[in-house]
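Examination of the molecular architecture
Given next are the chains, with one letter for each unit.
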Amino acid sequence: MFDSLQERLGSVFDKLKRRGALSEADVTAALREVRVALLEADVALPVVKDFVEKVKVEAVGQNVLKSVTPGQMVIKIVNDQLSAMLGADHVGLNLQVTPPAVIMMVGLQGSGKTTSTAKISKRLTEKERKKVLMASLDVRRPAAQEQLRVLGEQIAVRTLNIVPGEQPVAIAKRAVQTAALEGFDVVMLDTAGRLAIDEELMAEVAAVRDAAKPAETLLVADAMTGQDAVNVADTFNQKVGLTGIVMTRMDGDARGGATLSMRAVTGCPIKLMGVGEKLDELEDFHPSRVASRILGMGDIVSLVEKASENFELEEAEKLAAKIQKGKFDLNDLGSQLKQMQKMGGLSSLMNMLPGMNAGQMKKLKDAKLDDSIIKRQLAILSSMTPLEREKPEVIKAKRRTRIAGGSGTSVQEVNKLLKQHQEAARMMKKVQKMGKKGMMRGGLQNLMPPGMGGFPK
Ligand SMILES: Nc1nc2c(ncn2[C@@H]2O[C@H](COP(=O)(O)OP(=O)(O)OP(=O)(O)O)[C@@H](O)[C@H]2O)c(=O)[nH]1
Ligand SMILES: [Mg+2]
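Given the structure is predicted, the values throughout are model-derived calculations rather than measurements.

As for the pattern of salt bridges
If you walk through the whole model with that rule in mind, you get 22 salt bridges. Between Glu-40 and Arg-8 there is a salt bridge, with the nearest N and O atoms lying 2.4 Å from each other. Separated by 32 residues along the polypeptide, Glu-40 in helix H2 (residues 24-40) and Arg-8 in helix H1 (residues 3-18) bring together distant segments of the chain. Here Glu-40 falls in the partly exposed class, since its relative accessible area comes to 44%. Arg-8 sits in the partly exposed class, given a relative accessible area of 29%. Lys-15 serves as the salt-bridge partner of Glu-33, at 3.3 Å between the closest nitrogen and oxygen. Taken as a pair, Glu-33 in helix H2 and Lys-15 in helix H1 lie far apart in primary sequence, 18 residues in all.

This is the structure we're talking about:
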């Protein structure tokens, strides 16, 4: 997410941080670089101007230059302004209407409407226990209705039966009627996309809106498409009225311009973001967390949330019990590594970790550090005997050579893993008194392979 912008801003801030005192000229120069970085990321010019101006005013107002850590202060101000630009607080879906609540999905062709329709439906069904009915109003693209039906089967969400030849407004009406009769809480309307905005499309969407009276009209926009996406959003908002935006393909290495300008230009909140093709790859859009990620400050809140979703309670309890006894052996390390693998591995966690500067990030990327490290470490662990895993202290030189051979790794890698385990065990003792969450956090940090840069402890 926002890789190149993150790198650019990171190097600007690394320079600032390294200096003790800052002159006004230093700050001005840094802001000039921030401005260029944002423009290169394809953020709309008026938005960039406004942003830089606000940061400047804040920096002067807060007496940054006289503070003890001026560099950090500037970064904090940029962070706050970035977050404000993205919308400050998270805005969720508003379904507080007499049911059924209708959610209409609109947007250009291929932006991810149908996928997002299924993702939102899955989430409302599973997390909020809503009864959801999905209907496809896409009568133009052959098989579009069939596509939604198949997705519905995958996620066990009902789709409105398909009546060949029926037109969008009629389908919308039938969907709402069916939902009202059969006690559905939510109706998802997936509309047809177009290559570019045209009057006919707008008229059709407006007619559906008038017939279905949606509680939410969500524009689905592809984060990879730059400023065009913002213009599209603006037009949709003026002609149809939007209540929110779903940014898709946030998993790609988009420059970020569309996402960053969206709120400022349209005034519409980004409510959700798609972070992959899979149907559970949908996240709430939290402006402050996204801002922190862009600035490489890490997104610990999301990380912990992700961890607690994936870290099975039973495993956590087993581990907690062991730690209570002051024990953390290599079996435990193995089970933590497996949990990490489940969470999407290192690459997906990377962006959320704080304390990495631009240089470290780049080095990691260049080194193509990927989840194969976890795989290799698990291979090392499985080449050990049960005794070795329980009592790592018995693993002397000879055994290390055997383990390296057995796992297809090197003695050096085995040594690293053992050292990592020692550090984790030491840390585990320290956090013994903290709650489960604290334990996990401490544990996770210690699981990072050695040489990946220091994480704050
Ligand atoms: N990587 C990634 N791919 C996505 C995401 N959302 C959707 N896609 C992919 O984008 C492609 C198009 O998605 P659709 O949901 O069919 O798009 P659409 O807007 O319904 O397209 P039309 O109905 O033809 O206008 C599919 O291959 C999806 O898997 C996302 O968040 N990340
Ligand atoms: Mg579609």
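Some remarks on the packing of H1 against H2
At a minimum axis separation of 9 Å, H1 and H2 run at an interaxial angle of 175 degrees. Between H1 and H2, the angle falls in the class roughly antiparallel. For the pair formed by H1 and H2, the contact residues are Leu-5, Arg-8, Leu-9, Val-12, Phe-13, Lys-15 and Leu-16 on the first element and Asp-26, Ala-30, Glu-33, Val-34, Val-36, Ala-37, Leu-38 and Glu-40 on the second. Partitioning the contact of H1 with H2 into residue classes produces 10 nonpolar, no polar and five charged.

Focus: the pairing of strand S6 (residues 244-248)
Counting buried residues along S6, five of its five residues qualify, which places the element largely inside the surrounding structure. Every second residue of S6 is oriented toward a common face, with Gly-244, Val-246 and Thr-248 on one face and Ile-245 and Met-247 on the other, all of them buried. The pairing of strand S5 (residues 216-222) with S6 spans five bridges and is parallel. Residue pairing for S6: Leu-218 is matched across the bridge by Gly-244. For the segment spanning S5, helix H9 (residues 227-239) and S6, crossover handedness is right-handed. Where S6 and strand S7 (residues 270-274) come together, three bridges link them in parallel fashion. Residue pairing in the sheet places Ile-245 in a bridge with Ile-270 of S7.

What about the sheet that holds S5?
Taking strand neighbours across the sheet as the criterion, the eight strands line up as S3-S2-S4-S1-S5-S6-S7-S8 in an open arrangement whose pairing is mixed. Of all the strands in the sheet, the pair left with one neighbour each is strand S3 (158-159) and strand S8 (282-284). Of the strands in this sheet, S5, S6 and S7 are in contact with helix H10 (residues 257-266), which crosses S6 at around 170 degrees.

Points about H9
Look at H9: 19 Å from first C-alpha to last across 13 residues, which is about the 18 Å you get at 1.5 Å a residue. Of all the residues in H9, the buried ones are Ala-229, Val-230, Val-232, Ala-233 and Phe-236. Buried residues of H9, viewed axially, fall in a sector of 160 degrees; they line one side. Facing away from the buried side of H9, by more than 90 degrees, are the exposed residues Asp-228 and Gln-238. Taken from the residues just after H9, Gly-241 is the one with a positive phi, measuring 85 degrees.

Some details on the site of ligand 1
Around ligand 1, the structure places 20 residues, and the nearest of them are Lys-113, Thr-114, Thr-115, Arg-249 and Asp-251. At 2.7 Å from an oxygen atom of ligand 1 is found a side-chain nitrogen or oxygen belonging to Thr-114. Note that an oxygen atom of ligand 1 is positioned 3.2 Å from one of the side-chain N or O atoms of Gln-147. Notes on ligand 1: free accessible area 650 Å², of which the protein chains cover 82%. Among the elements that make up the shell around ligand 1, the one with the highest residue count is helix H5 (residues 113-127) (four residues). Considering only residue class, the shell around ligand 1 consists of two nonpolar, 11 polar and seven charged.

Quick notes on the packing of aromatic side chains
With the rule as written, the count across this model stands at zero aromatic pairs. Here the basic side chain of Lys-131 rests over the ring of Phe-184, its NZ or CZ set 4.5 Å away from the ring centre.

What counts, and at which threshold
Residues numbered from 1 in each chain as written. Chains lettered and ligands numbered in written order. Predicted model: local features only at pLDDT ≥ 70, side-chain atom pairs only at ≥ 80, totals over all residues. Heavy atoms only, no water. Salt bridge = Lys/Arg side-chain N within 4 Å of Asp/Glu carboxyl O. Helix = DSSP H or I, 4+ residues; strand = E, 2+ residues; numbered from the N terminus. Buried < 20%, exposed > 50% of the residue type's maximum accessible area, 1.4 Å probe, protein only. Axes fitted to C-alpha atoms, helices over the stretch in contact; angles between N-to-C directions. Parallel < 35°, antiparallel > 145°, perpendicular 65-115°, else oblique. Contact = heavy atoms within 4.5 Å. Nonpolar A, V, L, I, M, F, W, Y, C, P; charged D, E, K, R; others polar. Pairing = 2+ DSSP bridges. Right-handed = clockwise from strand over helix to strand, strands pointing away. Expected span 1.5 Å × (residues − 1). Arc of directions from axis to C-beta. Near = heavy atom within 4 Å. Polar contact = N/O pair within 3.5 Å; in protein donor to acceptor, adjacent residues only side chain to side chain. Areas by Shrake-Rupley, 256 points an atom, 1.4 Å probe, with all protein chains shown as cover. Phe/Tyr/Trp six-rings, centres within 6.5 Å; stacked < 30°, edge-to-face > 60°. Lys NZ or Arg CZ within 6 Å of the ring centre and 35° of its normal.

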